[in-house]
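# Analysis of the macromolecular model
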Amino acid sequence: MKVREVTCKSILTKSGISDYSLNPYFGCQHSCVYCYARYLLKYRPHEEEWGEFVDVKVNAPRVLQKEVLRRKPGGVFISSACDAYQPIEEEIELTRRLIWILSETDFQIRILTKSALVRRDFDLLSRAKRRAAVGVTVTTMDERLRKLIEPNASPSKLRIEAIEEAKSLGMTAWAMVGPLMPFLTDTIENIQEVFEELKRAGVDYVYVDKLNKRGGVWESVLRFLSSHRPALIPAYKLYFTDSAFQAEYLEGLRERVMAASRRAGLEGLIRPAF
């Protein structure tokens, strides 16, 4: 894993997800098979493959201190193009320093992570000036499959526990179920099992998303399938190249998602993102 120290001119970026997005790192050690953020290599090329490097924005706290004084307060999404709680964060605590700054302001913190490390910062988040929203991504409760598609992320059970704790501390607790991988994590049984765990944890709302087809995803997925599920390669080729096939597939996926939400008692809390 190549780690570099870099500097940034700005850390709060205008975003379609929230008022701002904040990414303490470029690159991510979680190495998820389906990660769409690898398309960013088009704009910031690296010698290493996505998942094999991390750029640490070492001056981010100093930059943020200045930006919160001159930017209009709003929601800050952490993170849109990396995971702010990837393994290196345990050592350097860059995200924690940024959260400390934001928690004292009128900016509202909204987190999405695949790491149980987020619980470390619940002391700051639970006392933030504006109510924080803590979200986790959960794609499957099957640990054997999870280790293959999200090799360096926390076990799904620990992510669910983070949601439960965030809720108990008075924070908004939410989840992203996705991207759902065709013929792997998209079965009604898998989706329902995840929904039932989130229901038990007291989740406030749940986004559900399809597999993103942005640049670099197909190559990553193909390597995974070639090693672990070669029989699925033809179907995935259709998903990535045939719009009619994808449209029919997504219609069926929406039906499964809504059926699973009814069975799990989450109807009304599901927000499909496709």
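Our subject is the structure that appears above.
Residues numbered from 1 in each chain as written. Predicted model: local features only at pLDDT ≥ 70, side-chain atom pairs only at ≥ 80, totals over all residues. Heavy atoms only, no water.

### A few points about the layout of surface pockets
Taken as a whole, the largest pocket spans an internal volume of roughly 1200 Å³. Together, 47 residues line the largest pocket, and Ile17, Tyr36, Ser79, Ser80 and Ala81 are the ones closest to its centre. Listed by contribution, the elements that provide at least two residues to the lining of the largest pocket are strand S2 (13-14), strand S4 (25-26), strand S7 (108-113), strand S9 (172-180) and strand S10 (205-210). In terms of residue count, the dominant contributor to the lining of the largest pocket is S9 (four residues). The residue inventory of the lining of the largest pocket, partitioned by class, reads 24 nonpolar, 13 polar and 10 charged. If you add up the space inside the second largest pocket, you get close to 340 Å³. Looking at the second largest pocket, it is lined by 17 residues, and the ones nearest its centre are Arg38, Glu49, Trp50, Ser220 and Arg223. Ranked by residues supplied to the lining of the second largest pocket, first place goes to helix H8 (residues 217-228) with six residues. Looking at the lining of the second largest pocket residue by residue, the class counts come to six nonpolar, six polar and five charged. (1 Å grid on protein atoms, 1.4 Å probe; cavity = no way out; pocket = protein on both sides within 12 Å on 5 of 7 lines; lining within 4 Å. Points joined across faces, edges and corners; volume = space filled by probe spheres on them. Helix = DSSP H or I, 4+ residues; strand = E, 2+ residues; numbered from the N terminus. Nonpolar A, V, L, I, M, F, W, Y, C, P; charged D, E, K, R; others polar.)

### Some thoughts on the sheet that holds S7
Overall, mixed pairing links the eight strands, which are arranged S2-S3-S6-S7-S8-S9-S10-S11 in an open sheet. Edge strands, defined here as strands with exactly one partner in the open sheet, are S2 and strand S11 (270-272). Where strand S8 (residues 133-137) meets S9, five bridges bridge the pair, whose relative direction is parallel. Residue pairing across strands places Val136 opposite Ala175, the latter belonging to S9. (Pairing = 2+ DSSP bridges.)

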